[in-house]
Amino acid sequence: MPNEALVKVGAETLGSLADLDLVARREDQRRDNPSIMRIRRGTPSDIAFLAQMLVEAVNWDPQRQPLPGEEILERRETAHYLVGWGRAGDTAVIAEDDGGAPMGAAWFRFFPATEPAYGFIDETIPELAMGVVARFRGVGVGGRLLEALEVEAKCLGVGALSLSVERGNARAVHLYRRHGFEVVCDAGGSHVMRLNLSPGAANGR
Ligand SMILES: CC(C)(COP(=O)(O)OP(=O)(O)OC[C@H]1O[C@@H](n2cnc3c(N)ncnc32)[C@H](O)[C@@H]1OP(=O)(O)O)[C@@H](O)C(=O)NCCC(=O)NCCS
């Protein structure tokens, strides 16, 4: 029969160790200090960083052999998220650390029905792509980027955003759902998701 006092002390010790662990992890996160992150609008001169983040987005799964960056930036299906960046409607936000180094980016662009991207719904709904530098993931950078991009979209009078995300990309799917994106349909192992930005509008097709 276990000594109840010992069981209790043991549980408390475990509890306080877990707390200490949590505090330590929070301290680790503070080293990358998302609270001093700055979000700014992207400009055409950010194209190289956006390209780097596009490569991260395609190669999100560490269990898979990564595709070479050159291939991602040459293949029409992936390149057209950025090729000719700077055309009307192209909109990006960049997260930077306090030294001005980029931590992540989110952007959207409109696609014609004749050249749809993976998350295409219609020509009035721009499609979002995003990536965060690996060492800054999981501390809120992606969430801040999404919030900022939604503000940009609303300022432009955009009524909705769409995106395509592989169903296995649990972190990204969680983030998008938390920000109100809903699954519109599934295609080839990916969700097409949509976020309505017009007040009172219901998400849907
Ligand atoms: C997806 C990505 C952009 C998110 O950015 P981030 O800075 O890591 O995101 P945040 O820290 O703001 O939020 C991550 C959320 O996912 C949660 N999360 C982390 N790992 C998770 C997992 N394995 N399963 C489910 N949720 C997870 C976190 O708890 C957090 O949610 P919360 O704020 O409700 O607690 C970033 O991780 C990334 O660049 N990944 C690789 C590229 C990629 O996948 N791009 C998107 C392609 S569609």
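Every value quoted in this text rests on a predicted model; they were computed, and no experiment measured them.

### Remarks on the overall build of the protein
The helix and strand tally for the protein stands at six helices and seven strands. What you see in the protein, going N to C, is helices and strands ordered as α-β-α-α-α-β-β-β-α-β-α-β-β. Sorting the 205 residues of the protein into buried and exposed places 29% on the buried side.

### As for the site of the ligand
Not every one of the 21 residues close to the ligand is listed here, only the nearest: W60, G142, G143, A170 and H174. Contributions of two or more residues to the shell around the ligand are made by α2 (47-58), β4 (127-132), α5 (141-155) and α6 (170-178). Here the element with the most residues in the shell around the ligand is α6; it accounts for six residues. Of the residues in the shell around the ligand, the class split is ten nonpolar, seven polar and four charged.

### So, α5
Taking 1.5 Å per residue as the helical rise, α5 with its 15 residues ought to reach 21 Å, and the 21 Å between its terminal C-alpha atoms agrees with that figure. Those residues of α5 that sit buried are V141, G142, R144, L145, L146, L149, E150 and A153. Those residues of α5 hidden inside the fold are in contact with β1 (38-41), β2 (91-96), β3 (102-109), β4, β5 (160-166) and α6. Directly beyond the C-terminal end of α5, a positive phi value near 80° is found at G157.

### What to know about the environment of G143
With respect to the helices and strands, G143 occurs in helix α5. Judged by C-beta crowding, with 14 C-beta atoms within 10 Å, G143 ranks as partly exposed. C-alpha separation for the pair G143 and Y176, spaced 33 residues apart in sequence, amounts to 8.7 Å.

### Focus: the nonpolar core
Taken as a class, soluble globular proteins show a tendency for nonpolar side chains to be buried jointly. Counting residues in hydrophobic clusters, the biggest one holds 40 residues, and the most contacted among them are L54, A105, A106 and L145. Those elements giving two or more residues to this core turn out to be α2, β2, β3, β4, α5, β5, α6 and β7 (190-196). With six residues, α2 is the largest single contributor of residues to this core. A105 has contacts with G42, F49, L50, M53, A92, V93, I94, M130, G131 and L145, leaving out every residue within four places of it along the chain.

### Re the pairing of β4
Across a regular strand the side chains alternate sides, sitting on one face of the sheet and then on the other. A large share of β4 lies buried, amounting to six of its six residues. Where burial is concerned, the two faces of β4 agree: the one with E127, A129 and G131 and the one with L128, M130 and V132 are both buried. Looking at chain direction, β3 and β4 are connected through six bridges and run antiparallel. Its bridge partner being in β4, W107 is matched across the sheet by A129.

### What to know about the pairing of β3
A large share of β3 lies buried, amounting to eight of its eight residues. As paired elements, β2 and β3 share six bridges and run antiparallel to each other. Across the sheet, residue A95 finds its bridge partner in β3, namely G104. The hairpin turn running from β2 into β3, its antiparallel successor, is five residues long, and G100 in that turn takes a positive phi close to 85°.

### Here's the deal with the environment of R41
Counting through the fold element by element, R41 comes out in strand β1. We classify R41 as exposed; it has 11 C-beta atoms within 10 Å. Expressed as a C-alpha distance, the spacing of R41 and E152, which sit 111 residues apart in the sequence, is 8.7 Å.

### Describing the confidence of the model for the protein
The pLDDT averaged across the protein works out to 85; a share of 80% of its residues lies at or above 70. Considering only residues more than four positions removed or in separate chains, one finds that residues 1-28, a stretch of pLDDT under 50, has one contact.

What counts, and where the lines are drawn
Residues numbered from 1 in each chain as written. Predicted model: local features only at pLDDT ≥ 70, side-chain atom pairs only at ≥ 80, totals over all residues. Helix = DSSP H or I, 4+ residues; strand = E, 2+ residues; numbered from the N terminus. Buried ≥ 20, exposed ≤ 12 C-beta atoms within 10 Å, placed from the backbone. Near = placed C-beta within 6 Å. Nonpolar A, V, L, I, M, F, W, Y, C, P; charged D, E, K, R; others polar. Expected span 1.5 Å × (residues − 1). Contact = placed C-beta atoms within 7 Å. Core = buried A, V, L, I, M, F, W, Y, C linked by C-beta atoms within 7 Å. Pairing = 2+ DSSP bridges. pLDDT = per-residue confidence, 0-100.

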